[in-house]
Amino acid sequence: MQQTTHKYQTMETVIFAWLLVILATTSSLVKAKYYLGSHIVDVPTTIKETHLHFFLHDTLSGDNPTSVIVAQPNSTVIKDNNNIVPFGAVFVFDDPLTEGPDPKSKVIGNARGLYALASRGSDLTLMFNGDLEFTSGEFNGSSIVVVCRDPLVLVKEMAVVGGRGKFRMAQGFIWAKAIYFNVTTGDGILEWNVTIFHQ
Ligand SMILES: *[C@@H]1O[C@H](CO)[C@@H](O)[C@H](O)[C@H]1NC(C)=O
Ligand SMILES: *[C@@H]1O[C@H](CO)[C@@H](O)[C@H](O)[C@H]1NC(C)=O
Ligand SMILES: *[C@@H]1O[C@H](CO)[C@@H](O)[C@H](O)[C@H]1NC(C)=O
Ligand SMILES: *[C@@H]1O[C@H](CO)[C@@H](O)[C@H](O)[C@H]1NC(C)=O
């Protein structure tokens, strides 16, 4: 009997302790708020303009592709319109960035993200969403974020919408030129001239 009472009291203590924990958690949840305040910041009166020049290698063919198709519509109508890839196809890529046009030249970063075939007609256009991180030199660990339509033409302008590290809050633009494109495989090498405005 003594033993049972002791056990009962112990259990009561445990339950009480748990109740305290639950109470503490829920009351902190109740107090939690999503708005943490605003304040005026000094915006720099000067910003930097940085130029980068590199080559992006997008390889769909072979045993070691850097871009893979992950989804496409199940529609024979769309598949039969003679395009290499159908409208709606989605690719995930991890493309090396090199200093020179030769795929064997020094790798200075990688472009990771997704692109999708976003045009219904024969004017093949991708929607490009990528984070390009540099892995060497001045901008090692920093990245630029590129979100833009990407028509499959020889030369095109693309938009830099942000960045990380030294390119935090960056904005800018890119002139990209396809210096190699294989219409059979879809493999391409692009020369990128990037102009970035950042703090
Ligand atoms: C794809 O389309 C074919 C032909 O219309 C149909 O038989 C098949 O069930 C579809 N598959 C899926 C996963 O929807
Ligand atoms: C780039 O930064 C990483 C992480 O800080 C470091 O491990 C690496 O050695 C650096 N590479 C170069 C080439 O500076
Ligand atoms: C990139 O800039 C270099 C040097 O100014 C120039 O030779 C090249 O044609 C430019 N390429 C693009 C795609 O703008
Ligand atoms: C394109 O790729 C195909 C298949 O790998 C190859 O046979 C052909 O020579 C390539 N064309 C060019 C211009 O590189």
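Residues numbered from 1 in each chain as written. Chains lettered and ligands numbered in written order. Predicted model: local features only at pLDDT ≥ 70, side-chain atom pairs only at ≥ 80, totals over all residues. Heavy atoms only, no water.

Asker: Explain the site of ligand 4 residue by residue, including any values.
Answerer: Taken together, Tyr180, Asn182 and Thr185 make up all the residues around ligand 4. A distance of 2.9 Å is found between an oxygen atom of ligand 4 and a side-chain nitrogen or oxygen belonging to Tyr180. Asn182 is positioned with one of its side-chain polar atoms (N or O) 2.3 Å from an oxygen atom of ligand 4. Protein chains bury 32% of the 360 Å² of accessible surface belonging to ligand 4 in isolation. (Near = heavy atom within 4 Å. Polar contact = N/O pair within 3.5 Å; in protein donor to acceptor, adjacent residues only side chain to side chain. Areas by Shrake-Rupley, 256 points an atom, 1.4 Å probe, with all protein chains shown as cover.)

Asker: Now, about the nonpolar core: what can you tell me, with residues and values included?
Answerer: In terms of nonpolar packing, the biggest core is built from 32 residues, with Phe54, Leu132, Phe134, Ile144, Val146, Trp192 and Val194 touching the most fellow members. Broken down by secondary-structure element, the contributors of at least two residues to this core are strand S1 (48–58), strand S3 (90–98), strand S4 (107–117), strand S5 (125–134), strand S6 (143–151), strand S7 (155–164), strand S8 (171–181) and strand S9 (188–198). Once you skip the residues sitting within four places of it in the chain, Trp192 turns out to touch Leu52, His53, Phe54, Leu56, Phe128, Leu132, Val146, Met158, Ile174, Trp175 and Ala176. (Core = buried A, V, L, I, M, F, W, Y, C linked by side-chain atoms within 4.5 Å. Buried < 20%, exposed > 50% of the residue type's maximum accessible area, 1.4 Å probe, protein only. Helix = DSSP H or I, 4+ residues; strand = E, 2+ residues; numbered from the N terminus. Contact = heavy atoms within 4.5 Å.)

Asker: Help me get a handle on the environment of Tyr180, residues and values and all.
Answerer: Mapped onto the fold, Tyr180 is located in strand S8. With relative accessibility at 40%, the residue Tyr180 sits in the partly exposed group. Distance in space between the C-alpha atoms of Tyr180 and Glu191 is 9.3 Å, their sequence separation being eleven residues. Other than its neighbours up to four places away in sequence, Tyr180 contacts Asp187, Gly188 and Ile189.

Asker: Quick rundown of the pattern of salt bridges? Include the residues and the values.
Answerer: The tally for this structure, following the rule as stated, stands at five salt bridges. The salt bridge partner of Arg164 is Asp131, with a shortest N-O separation of 3.1 Å. In this pair, Arg164 sits in strand S7 while Asp131 sits in strand S5, placing the two residues 33 residues apart along the sequence. The partly exposed category is assigned to Asp131, whose relative accessible area is 21%. Residues Glu138 and Lys166 are paired through a salt bridge, measuring 3.5 Å at the closest nitrogen-oxygen approach. With Glu138 in the loop between S5 and S6 and Lys166 in the loop between S7 and S8, this pair connects stretches of sequence that are 28 residues apart. A residue is classified by how much of its surface remains accessible, and Glu138, at 56% relative accessible area, is exposed. The class of Lys166 is partly exposed, set by a relative accessible area of 42%. In this structure, a network of salt bridges that share partners links the residues Asp131, Glu133 and Arg164. (Salt bridge = Lys/Arg side-chain N within 4 Å of Asp/Glu carboxyl O.)

Asker: Any chance you could break down the site of ligand 2 for me, citing the residues and the numbers?
Answerer: Close to ligand 2 lie Thr135, Ser136 and Asn140. Within the side chain of Asn140, an N or O atom sits 2.3 Å from an oxygen atom of ligand 2. Relative to its unbound accessible area of 360 Å², ligand 2 is 23% covered by the protein chains.

Asker: Lay out the side chain of Asp58 in plain terms, naming residues and giving numbers.
Answerer: Relative to the assigned elements, Asp58 resides in strand S1. Notably, Asp58 is buried but unbridged: the nearest opposite-charge side chain belongs to Lys156, and the N-O separation is 9.2 Å. A polar side-chain atom of Asp58 sits 2.7 Å from a polar atom in the side chain of Tyr115. The contacts of Asp58, once residues within four sequence positions are left out, are Thr66, Ser67, Phe93, Asp95, Tyr115, Gly186, Asp187 and Gly188. (Lys, Arg positive; Asp, Glu negative; His and termini not counted.)

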